[in-house]
Amino acid sequence: GAGVSQSPSNKVTEKGKDVELRCDPISGHTALYWYRQSLGQGLEFLIYFQGNSAPDKSGLPSDRFSAERTGGSVSTLTIQRTQQEDSAVYLCASSPLRSYNEQFFGPGTRLTVL
Amino acid sequence: KNEVEQSPQNLTAQEGEFITINCSYSVGISALHWLQQHPGGGIVSLFMLSSGKKKHGRLIATINIQEKHSSLHITASHPRDSAVYICAVEGGPTGGADGLTFGKGTHLIIQP
């Protein structure tokens, strides 16, 4: 069906609040990736899922960041006690298989922490 | 960690010119991706390649695994090609994929 969708498209929050970002991958795609795009750092990898499991969480910038995926489909990225440096566009991508396949990117969620 | 370098960082050209954007990386990879991002827009995958050359319309991507280098070419460039082009690599010495490592992008402007 449709491409990768993300919600919300924009999120403004106050420092110290928790936020949840949602990603709906393309139906049937087993691999799901979270990336972050910020002015100072460019694009950086955060975490990937193969099915519901996340073999490598080393890209998460701190223990305030966590992610889960349920039913091999929807994924949620949670940022606890947000800081101003968390402000960025959070991108989700999905792929039919884990490795060496084209990745389809969602439109992103623009997070602004005041 | 793989270091991905792109050049040039910025490129302005006239409509119709042949465009080349270069990408080099420091550690052996399994695949290389070329991505396109329009201002205020999302990211679109242009190519994924692990060897040789791929062509799609006016776009051509090549990779030399031994030299750890890839190029993206645009023939007969058009103002609608104006965008940021991003090189990203996948995989490495340990094998497997753990997400993409990105270059900083090349900001291309094609003037009419």
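Residues numbered from 1 in each chain as written. Chains lettered and ligands numbered in written order. Predicted model: local features only at pLDDT ≥ 70, side-chain atom pairs only at ≥ 80, totals over all residues. Heavy atoms only, no water.

Examining the overall build of chain A
When its secondary structure is counted, chain A shows 0 helices and 10 strands. Its helices and strands taken in sequence order, chain A reads β-β-β-β-β-β-β-β-β-β from the N to the C terminus. For chain A, whose C-alpha radius of gyration is 13 Å, the value lies close to the compact-globule estimate of 13 Å for 114 residues. In terms of overall dimensions, chain A has C-alpha extents of about 35 × 25 × 25 Å along its principal axes. When contacts within chain A are restricted to residue pairs at least 6 apart in sequence, those whose partners lie at least 24 apart make up 55%. (Helix = DSSP H or I, 4+ residues; strand = E, 2+ residues; numbered from the N terminus. Rg over C-alpha atoms; globule rule 2.2 N^0.38 Å. Contact = heavy atoms within 4.5 Å.)

Some points on the pattern of salt bridges
Residues and elements named next belong to chain A. Taken as a whole, this structure holds 4 salt bridges over all chains when the rule is applied. Between aspartate 24 and arginine 22 there is a salt bridge, with the nearest N and O atoms lying 2.8 Å from each other. When its relative accessible area of 22% is taken as the criterion, aspartate 24 is described as partly exposed. Look at arginine 22 and you get partly exposed, because its relative accessible area is 37%. A salt bridge links arginine 64 to aspartate 86, with the shortest nitrogen-to-oxygen separation between them at 2.8 Å. One end of the pair, arginine 64, is in the loop between strand E5 (42-50) and strand E6 (65-69); the other, aspartate 86, is in the loop between strand E7 (75-79) and strand E8 (88-95), and 22 residues separate them in sequence. Across this residue pair, the class does not change: arginine 64 and aspartate 86 are buried. (Salt bridge = Lys/Arg side-chain N within 4 Å of Asp/Glu carboxyl O. Buried < 20%, exposed > 50% of the residue type's maximum accessible area, 1.4 Å probe, protein only.)

Thoughts on the side chain of serine 75 of chain A
Relative to the elements of secondary structure, serine 75 of chain A occurs in strand E7. Using a relative accessible area of 0% as the deciding quantity, one classes serine 75 of chain A as buried.

Concerning the state of the cysteines
Residue and element names in this part refer to chain B. In total, this model carries 2 disulfides over all chains according to the counting rule given. Across the disulfide from cysteine 23 sits cysteine 87; the S-S distance is 1.9 Å. Here cysteine 23 and cysteine 87 share a disulfide; its torsion about the S-S bond, -60°, makes the bridge left-handed. One end of the pair, cysteine 23, is in strand E3 (residues 19-25); the other, cysteine 87, is in strand E9 (residues 83-90), with 64 residues separating them in the sequence. Exposure class is identical for cysteine 23 and cysteine 87. Each is buried. (Disulfide = S-S within 2.5 Å.)

Examining unusual backbone geometry
Geometrically, the link from serine 7 of chain A to proline 8 of chain A is a cis peptide bond, its omega value of -10° lying close to zero. Counting through the fold element by element, proline 8 of chain A comes out in the loop between strand E1 (5-7) and strand E2 (10-13). Look at the link from serine 7 of chain B to proline 8 of chain B: it is a cis peptide, with omega at -10°. Along the chain, the position of proline 8 of chain B falls in the loop between strand E1 (4-7) and strand E2 (10-14). The residue lysine 68 of chain B is not glycine, and still its phi comes out positive at about 55°.

Focus: the environment of glutamine 6 of chain A
Residues and elements named next belong to chain A. For glutamine 6, the position within the fold is in strand E1. Residue classification places glutamine 6 among the buried residues on the basis of a relative accessible area of 10%. As for glutamine 6 and glycine 108, which are separated by 102 residues in sequence, their C-alpha atoms are 6.1 Å apart. Here cysteine 92 takes part through its backbone nitrogen, which lies 3.0 Å from a polar atom of the side chain of glutamine 6. (Polar contact = N/O pair within 3.5 Å; in protein donor to acceptor, adjacent residues only side chain to side chain.)

Thoughts on the nonpolar core
Membership of the largest hydrophobic core comes to 23 residues, with the highest contact counts inside it found for Leu32, Trp34, Phe47, Leu72 and Tyr85 of chain B. Contributing elements (two or more residues each) for this core: E3, strand E4 (31-37), strand E5 (43-49), strand E7 (59-64), strand E8 (69-74), E9 and strand E11 (106-111) of chain B. When near neighbours in sequence (up to four residues on either side) are disregarded, leucine 72 of chain B contacts Ile19, Thr20, Ile21, Trp34, Leu46, Phe47, Ile60, Ala61 and Tyr85 of chain B. Leu32, Phe49, Phe65 and Cys92 of chain A belong to the second-largest nonpolar core, a separate cluster that totals 21 residues. (Core = buried A, V, L, I, M, F, W, Y, C linked by side-chain atoms within 4.5 Å.)

Spatial relationships are all this shows, so hold off on functional conclusions.
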